[in-house]
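Structural description and commentary
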Amino acid sequence: MGVELNSRQMKRAADKDASGRRKLPFFVDPIDGRLRIEKGTLVRIYREAQIEAENSAR
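The model shown is predicted, which means the values in this text are computed figures rather than measured ones.

**Topic: the overall build of the protein chain**
- Secondary structure assignment for the protein chain yields 2 helices and 2 strands.
- The linear arrangement of helices and strands in the protein chain, starting from the amino end, is α-β-β-α.
- Projecting the C-alpha coordinates of the protein chain onto the three principal axes gives extents of approximately 45 × 30 × 20 Å.
- By the burial criterion, 9% of the 58 residues in the protein chain qualify as buried.
- Within the protein chain, contacts between residues at least 6 apart in sequence are counted, and of these 9% link residues at least 24 apart.
- With an accessible surface of roughly 5300 Å², the protein chain has 50% of that area assigned to carbon and sulfur atoms.
- Here the protein chain contributes 13 positively and 9 negatively charged side chains, and the mean placements of these two sets differ by 3 Å.

**Regarding the pattern of salt bridges**
- On inspection of all chains with the given rule, the structure shows 4 salt bridges.
- Note that Arg36 and Asp29 form a salt bridge whose closest N and O atoms lie 3.2 Å from each other.
- Given a relative accessible area of 30%, Arg36 falls into the partly exposed group.
- Overall, the relative accessible area of 15% leaves Asp29 in the buried class.
- Close ionic contact of Arg44 with Glu48 constitutes a salt bridge, the shortest N to O distance being 3.4 Å. On the criterion of helical spacing, the pair formed by Arg44 and Glu48 is a turn pair, its members being 4 residues apart in helix H2 (residues 39-56).
- Taking relative accessible area as the criterion, Glu48 reaches 44% and is therefore assigned partly exposed.
- The network of salt bridges with shared partners includes Asp29, Asp32 and Arg36.

**Some remarks on the environment of Asn6**
- Here Asn6 is to be found in the segment before helix H1 (7-14).
- The class for Asn6 is partly exposed, based on a relative accessible area of 44%.
- A distance of 2.8 Å separates a polar atom in the side chain of Asn6 from the backbone nitrogen of Gln9.

Parameters at a glance
Residues numbered from 1 in each chain as written. Predicted model: local features only at pLDDT ≥ 70, side-chain atom pairs only at ≥ 80, totals over all residues. Heavy atoms only, no water. Helix = DSSP H or I, 4+ residues; strand = E, 2+ residues; numbered from the N terminus. Buried < 20%, exposed > 50% of the residue type's maximum accessible area, 1.4 Å probe, protein only. Contact = heavy atoms within 4.5 Å. Areas by Shrake-Rupley, 256 points an atom, 1.4 Å probe, with all protein chains shown as cover. Lys, Arg positive; Asp, Glu negative; His and termini not counted. Charge placed at Lys NZ, Arg CZ, Asp CG, Glu CD. Salt bridge = Lys/Arg side-chain N within 4 Å of Asp/Glu carboxyl O. Polar contact = N/O pair within 3.5 Å; in protein donor to acceptor, adjacent residues only side chain to side chain.

Given below as structure tokens:
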């Protein structure tokens, strides 16, 4: 898709907000305990945001 995030951007997306929710749907990997996100989920969110932006521009 041509979208690259640096480690700071990924950390901000993974950090919880004041209500305890993350900006993106990360999950804890049961094997190593690290936060993960599925590529398909990330692509879907990106496409939905793009469609919403296109619709609001009209």
